[in-house]
Structure formats: C-alpha cells, structure tokens
Amino acid sequence: MLVTLCIVLFLDGLDVSMIGVALPSIGAELDLSTSSLQWLVSGYILGYGGLLLLGGRTADLLGRRKVFLIALAVFALASLAGGLVDSGPLLILTRLIKGMAAAFTAPTGLSIITTNFEEGPARTKALSIYTVFGAGGYSSGLLFGGLMTGVGWRWTFLLPVPIALAALAAAYVLLPHDEQAEEGGHDLLGGVLSTAGMLLLVYTIVTAPDAGWGSARTVGSFVAAAALFTTFALVESRVRHPLIRLGILRKATLVRASLAIVAVAGSYFAWQFIVTLYLQNDLGWSPLQLALALLPVGLMVTLSALVSNRLVDRFGTGPVIAVTMSVMAVGYLLFLRLDTAPSYPTMILPALLLIGVGWIGFPAINIQATSGIHDDEQGLAAGVLQTSMQVGAAIVLAVTTALIASGSGGGTSPAAMLDAYRPGLVLAAAIALVGALVAVLGVVPRRSTRTVLEEDLEDDLAPVA
C-alpha cells in the first residue's frame, strides 16, 4: 500500500518538473507565446492549490479509497489527453485538470498513511519514505523531461500514463476499504470562489501588459478578483463547514512558514521558467543539456528529505529556514551575472548550488507551519501551507511573465532577450531576499514591552537604592 501511494506522489513531482524542460519545444510546435506557456505551469499549480483544501475534506467525507481511485483515474486520462491534443488552450486545460486531480490524490494519500500506520516510529518511517519519493519524483522529472523532450515533447505527457494506470490497478487491490463520514459537509461554494478568484487574478496580471495596466478591462478584472476573494472570506466566516477556519491565520508560525514557502517556491518557479526559455530558445541548449544542468537542484531537493529533520532537531526550524533562504537569495544574486555566453562551471553551477540550499530548508518550513497547532487542525495548517505555496508561485510567475512581456520588443538576439528576461531574474532575487529577511526577523530575539519597562524602572531606581 505504501509503495503504491509513494508511486503516485512520485508522479506528482515528476509532472511538475518534466513540463518545465519541455516548454520551449511545446511553444515552438504549437506557436505559443511566453504568456501562454506560463499557463502550462500556472494551470497545474492553480488547479492543485485551488482545490487542495476541498480535496482533503472530500476524502474524509466520501471515503479515502473512493476519492483516491477516482482522482488517480482522472489524472491518467488528463495525461493521455495532453499527449494527443494539438491546441494550446486544450493543452492548458489538461494541465488544469491534472492539478485538480493531484489536489485530491495528495492529501488523500497522506491521510491514508496517517490512518493506517500507528503513531510513532512506524508512521514516522512511512512519512519519511513518502517524502523521499515526492522529492525523488521532482529530481527524476528534470532528467526524464530532457530525455522525453528529445524524442518529442508529447512523451512528457504520455510517460506518466502507464505508471498511473499500474498504480491505479494496485491501489484498487491494496487500499483498504473505509467508511464515509456520517457527519460533515462540503464547502463547494468556497472552493469555487477561491479557485475562480485565483484564476482571474493570474489572468489579469498576465494580460495587463497587452491590455494596459490602467485600462478598464484590467482594472475591472482586479476589482472582480478582489470581490471574489472578499466573498470567499465572508462565506468562510459563516458556512458551517468552511474550507479554512480564518482564525488559524492568527498563528504567527503558520504565517511565517507560509511567507517562506511563497518566497522559496515563487522565486524558484519564476527563475526556472526564465532559465529554461533563455538557455534553450536563445542560447541553443538541448532539452537534455538543460535537464542535466539543472539536475543539481533536483538532487538537493531529494537531499532535503534526508537531512533537514536532523538539522531541525539540532538547531530548530527558525534558524534552518533563515540560513537556507539567505543562501538561496545569494544564489539568485550571483545568477544576475548571466550573459550571452555563460560558463557552466564558474557561473551557472555555483549559483545553482546556492539556490538548491534553499530547498534543504523546505521540510523545516512544513514543520514550522504545524508547530503549536492543535491535533484536530494539523491537516488544515498543512493545507493552508500547500495552498500558499501553489497560489503564491502562480502569482509570482504571472508577474514575471508580465515583466517579460513589458520588456520585450527590443529584438530577438540573445542579448535583447536577456534584457527582456532580466527584470524577471531581479524579481526572483528580490522575492528570495524578502523571504530571507522575514525568516531572519523571526529568529531575532525580541524583548517584550513589559520587560523593557521593568528594566527602565530598575535603572531609574538604582541611584535611590
């Protein structure tokens, strides 16, 4: 059972990284612009982030086995469709559907593990194995993406199909039957409002450079997105079974962890998007060359699942997050030296290794998010964190795409394209720096107002004594 669940999580990681390597080839064959290509990434993470909380709740209510099997079947069918379509919008739609399916398989698989392995060493070991498979899927996706894209980009969509079908057959046999909850309800309206608001916000940011930031369409879309989010907040405060209890957002550790994960994922996805397009489209790197070049980051993602817990046990979550994010920010700053003839050993690799250090702190972020949270809201805190990661990354990527669109038009030479891409690289570095600053401030000792007043009073009374 555990192996089956690990394979499905492996597929999720594989799917995220494989598509990144294939973007230039997809754009060339289907004649997609940079703005359209970003939807192949954003569509997946918005579908995932938008329904993640609803996915976990649905599994609890309808039965984990049933939800897992249905969602995995949808994932396989969407992968097959993605490898066969010849239309950009339809391809983006398949990515959105795959993200929605993953929003149900990921929390359901995790809950199957936690409900079938006894709390203690057995569950800890199972979750550690599960985490390594997810990280390994991301690392493998870079390599498989390069290999499959070399044959044809459609294979990046078709490769997961037989694996998903085999996992589906195994899950049908191996997953234990469970009963659906007798009480509870769905917050379908909340799920629709949050997903619609996120999609509209990203769409508005991406299309604003063409329509004009001050145009009626852009302003109206921003207002409509704000109205959707406001309505979502009102629904969550009044509905009997909300997707998210808004009061949990007052937990400082959860807020800091959410900001950290937005900085880590948002900066990296935006950075990788730019690097993939520039090195392949403008400098002529092959998909396999690019995959091998980025592989050190993927390996460090896997390493994070093996060493982060030991670091947290020794130093605590705050210092680990602060140090790893600071190193990651330095890596982005070093990468700003990128030119039209970059040396991999002296320019690209050192920056890559520093950026990869940021992912070593990723498990520590997850631990910090759920620390001090009551047992019955552990799942909610984890869902808030993952939603922050997916939605934040999508918004950062949308802003990056808008910056690229605003700066393009100066020609198609490598130098001209690098000028167009550079604001996006600066944005990635800035976001990482802000995230590092927030993390550092979170570990700086701060005296309370009461302590300061008491010390001042003691100083005043010292001469009298």
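That block above? That's the structure.
None of these values were measured; they are calculated from a predicted model.

Here's the deal with helix α1 (residues 2-30)
Phase 1 of the analysis: The first and last C-alpha atoms of α1 sit 39 Å apart over 29 residues, in line with the 42 Å expected at 1.5 Å per residue.
Phase 2 of the analysis: The largest bend along α1 measures about 50° and falls at A22, with the proline P24 one to four residues further on.
Phase 3 of the analysis: The element α1 is largely enclosed, with a buried count of 22 among its 29 residues.

Let's talk about the nonpolar core
Phase 1 of the analysis: Membership of the largest hydrophobic core comes to 136 residues, with the highest contact counts inside it found for I26, Y268, W271, F335 and W359.
Phase 2 of the analysis: For this core, the element with the highest residue contribution is helix α10 (residues 252-282), accounting for 17 residues.

Remarks on the pattern of salt bridges
Pairs can form between side chains of opposite charge whenever their charged atoms are close.
Phase 1 of the analysis: Inspection of the entire model under this criterion finds four salt bridges.
Phase 2 of the analysis: In this structure, D15 and R95 form a salt bridge, with 2.5 Å as the shortest nitrogen-oxygen distance. Taken together, the residues D15 in helix α1 and R95 in helix α4 (residues 88-116) connect sequence positions 80 residues apart. The same class applies to D15 as to R95, namely buried.
Phase 3 of the analysis: Note that R154 is salt-bridged to D86, the shortest N-O span being 2.4 Å. Separated by 68 residues along the polypeptide, R154 in the loop between α5 (121-151) and α6 (155-158) and D86 in the loop between α3 (64-84) and α4 bring together distant segments of the chain.
Phase 4 of the analysis: Given a relative accessible area of 17%, R154 falls into the buried group.
Phase 5 of the analysis: Here the salt bridges do not stand alone but share partners, grouping D15, R95 and K98 into one network.

A look at the environment of D15
Phase 1 of the analysis: We classify D15 as buried; its relative accessible area is 3%.
Phase 2 of the analysis: The spatial distance from the C-alpha of D15 to the C-alpha of G141 is 6.7 Å, given a sequence separation of 126 residues.
Phase 3 of the analysis: With residues near it in sequence (within four places) discarded, D15 still touches Y44, F75, R95, K98 and P160.
Phase 4 of the analysis: Only 2.5 Å separates the side chain of D15 from the side chain of R95, close enough to count as a polar contact.
Phase 5 of the analysis: Looking at D15, its side chain comes within polar contact range of the side chain of K98, at 2.5 Å.

A short note on the packing of aromatic side chains
Phase 1 of the analysis: Within the structure shown, the criterion is met by eight aromatic pairs.
Phase 2 of the analysis: Note on W153 and F157: the rings are 5.8 Å apart at their centroids and 80° apart in plane angle, and the pair reads as edge-to-face. You'll find W153 and F157 in the same group, each marked buried.
Phase 3 of the analysis: Ring centres 5.7 Å apart and planes at 90° place the aromatic pair Y268 and W359 in the edge-to-face group. Here Y268, found in helix α10, pairs with W359, found in helix α13 (residues 344-360); they are 91 residues apart in sequence, far enough to count as distant.
Phase 4 of the analysis: Taken together, Y268, F269, W271, Y332, F335, W359 and F362 form an aromatic cluster joined through their ring pairs.
Phase 5 of the analysis: In this arrangement the basic side chain of R65 is found over the ring face of Y172, its NZ or CZ atom lying 5.0 Å from the centre.
Phase 6 of the analysis: One cation-aromatic arrangement involves K98 over F75; the distance from NZ or CZ to the ring centre is 5.0 Å.

The rules behind the values
Residues numbered from 1 in each chain as written. Predicted model: local features only at pLDDT ≥ 70, side-chain atom pairs only at ≥ 80, totals over all residues. Heavy atoms only, no water. Helix = DSSP H or I, 4+ residues; strand = E, 2+ residues; numbered from the N terminus. Expected span 1.5 Å × (residues − 1). Bend = angle between axes of the 7 residues up to and from the residue. Buried < 20%, exposed > 50% of the residue type's maximum accessible area, 1.4 Å probe, protein only. Core = buried A, V, L, I, M, F, W, Y, C linked by side-chain atoms within 4.5 Å. Salt bridge = Lys/Arg side-chain N within 4 Å of Asp/Glu carboxyl O. Contact = heavy atoms within 4.5 Å. Polar contact = N/O pair within 3.5 Å; in protein donor to acceptor, adjacent residues only side chain to side chain. Phe/Tyr/Trp six-rings, centres within 6.5 Å; stacked < 30°, edge-to-face > 60°. Lys NZ or Arg CZ within 6 Å of the ring centre and 35° of its normal.

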